[in-house]
Amino acid sequence: MHVYSRNNYFTTPSVYSDMSYYDPEAEATGKYMVAFIESAGKVSPVFERKVREIFEDHMGTLEADSWYLNADVEKAFQEVLEEVGEKTMMEGGVESGKAIEWPDDVETVMDGFEIWNSFHEAAYRNSDLDFPAGKYTVEQLGDREVRVGITEGYNLSAEFAKGCSKGIVQDLSSEVNRTRLEDTDPNPDEQAAWVLEW
């Protein structure tokens, strides 16, 4: 078993006990929210319209090159989840995962999972924390099996994260139709965890 540690996927549980992986005053890039809205359109036009309305209610006109308060992003994602349900939110996450623009040297699913946190970290600014909206935990269990989790500070919903992880697999693997996701017990530093096979 190999645990990826290059990008600080795992830290001691005590780090999370005081929610030091969440900063409501940090700013999140509009780039990924715009991408999420566009990916919602691949699920359904109704979903896209609903997501856009919710985001703009909380943050005004959404632009890819603008930055938005982390607390407002959290409220928007929570309302989207409440309005459209877990299944549709997960489908939006799948499309978002498939839409990630990987560097040229990312060729395999594990390559993608290894740098997933780097994208998440770069999506935020104006915080003393490296990960002001939590982070992903990734542990390789086999050639085509990983355990994925999200830490307590992650505020985009577990359903979105699950979908995103499935989208990464579908984007970087030829085994698209064999993707299986099963919930598992989270560690003390996680709010949710699941096992993904492909």
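Whatever comes next refers back to the structure up there.
A brief look at the structure comes next. Values in this document were obtained by computation on a predicted structure and should not be read as measured data.

The rules behind each value
- Residues numbered from 1 in each chain as written.
- Predicted model: local features only at pLDDT ≥ 70, side-chain atom pairs only at ≥ 80, totals over all residues.
- Heavy atoms only, no water.
- Axes fitted to C-alpha atoms, helices over the stretch in contact; angles between N-to-C directions.
- Helix = DSSP H or I, 4+ residues; strand = E, 2+ residues; numbered from the N terminus.
- Parallel < 35°, antiparallel > 145°, perpendicular 65-115°, else oblique.
- Left-handed = near helix turned anticlockwise from the far one by under 90°.
- Contact = heavy atoms within 4.5 Å.
- Nonpolar A, V, L, I, M, F, W, Y, C, P; charged D, E, K, R; others polar.
- Pairing = 2+ DSSP bridges.
- 1 Å grid on protein atoms, 1.4 Å probe; cavity = no way out; pocket = protein on both sides within 12 Å on 5 of 7 lines; lining within 4 Å.
- Points joined across faces, edges and corners; volume = space filled by probe spheres on them.
- Buried < 20%, exposed > 50% of the residue type's maximum accessible area, 1.4 Å probe, protein only.
- Phe/Tyr/Trp six-rings, centres within 6.5 Å; stacked < 30°, edge-to-face > 60°.
- Core = buried A, V, L, I, M, F, W, Y, C linked by side-chain atoms within 4.5 Å.

### Remarks on the packing of helix 1 (residues 30–43) against helix 3 (residues 70–98)
In helix packing, the relevant descriptors are the interaxial angle and the interaxial distance, both defined with respect to the helix axes.
Now for step 1: The geometry of helix 1 relative to helix 3 is characterised by a closest axis approach of 9 Å and an angle of 55° between their N-to-C directions. Relative to helix 3, the element helix 1 lies oblique. Regarding helix 1 and helix 3, the two cross each other, and that crossing is left-handed. Here M33, F36, S39, K42 and V43 of helix 1 lie close against helix 3, whose contacting residues are V73, F77, T88, M89, E91, G92, G93, E95 and S96.
Now for step 2: Grouping the constituent residues of the contact of helix 1 with helix 3 by class yields six nonpolar, five polar and three charged.

### Points about the sheet that holds strand 3 (residues 67–69)
Now for step 1: The strand order across the open sheet formed by three strands is 3-2-4, and the pairing between neighbours is antiparallel. Two strands in the sheet have a free side with no partner beyond their single neighbour: strand 3 and strand 4 (124–125).
Now for step 2: With three bridges joining them, strand 2 (residues 27–29) and strand 3 adopt antiparallel strand pairing. Each residue of the ladder has a partner; that of E27, found in strand 3, is L69.

### Quick word on the layout of surface pockets
Now for step 1: Volume-wise, the largest pocket comes out at about 590 Å³.
Now for step 2: Around the largest pocket, the lining comprises 27 residues; the ones closest to its centre are K31, Y32, M33, A35 and S96.
Now for step 3: Looking at the lining of the largest pocket, the elements that each hand over two or more residues are strand 2, helix 1, helix 3, helix 4 (109–122) and helix 5 (158–172).
Now for step 4: The dominant element in the lining of the largest pocket, judged by the number of residues it contributes, is helix 1, at nine residues.
Now for step 5: Classifying every residue of the lining of the largest pocket by side-chain character gives 19 nonpolar, four polar and four charged.

### A closer look at the pairing of strand 6 (residues 145–151)
Now for step 1: Where burial is concerned, most of strand 6 is hidden: six out of the seven residues are buried.
Now for step 2: For strand 5 (residues 136–142) and strand 6, the ladder comprises six bridges, and the chain directions are antiparallel. Among the inter-strand pairings, T137 is bridged to a residue of strand 6, identified as G149.
Now for step 3: What sits between the antiparallel neighbours strand 5 and strand 6 is a turn of two residues.

### A look at the packing of aromatic side chains
Now for step 1: Applying the stated rule across the entire model yields eleven aromatic pairs.
Now for step 2: With a centroid separation of 5.2 Å and an interplanar angle of 90°, the aromatic rings of F36 and F160 are classed as edge-to-face. With F36 in helix 1 and F160 in helix 5, this residue pair connects regions lying 124 residues apart in the sequence. The pair formed by F36 and F160 is uniform in burial state, with each residue classed as buried.
Now for step 3: Residues F77 and F160 carry aromatic rings whose centres are separated by 5.4 Å and whose planes lie at 70° to one another, so their mutual orientation is edge-to-face. With F77 in helix 3 and F160 in helix 5, the pair connects residues that are 83 residues apart, well separated along the chain.
Now for step 4: Of the residues examined, F160 reaches a relative accessible area of 7% and is grouped as buried.
Now for step 5: A network of ring pairs unites the aromatic residues F36, F47, F55, F77 and F160 as a single cluster.

### Considerations on the nonpolar core
Note that soluble globular proteins tend to have their nonpolar side chains buried in a common cluster.
Now for step 1: Counting 49 residues, the largest nonpolar core has M33, F55, F77, F113 and W116 as the members making the most contacts within it.
Now for step 2: Counting only elements with at least two residues in this core, the list comes to helix 1, helix 2 (45–59), helix 3, helix 4, strand 5, strand 6, helix 5 and strand 8 (190–197).
Now for step 3: With near-sequence residues (within four places) excluded, M33 lies in contact with A28, F55, M59, L62, Y68, V73 and F77.

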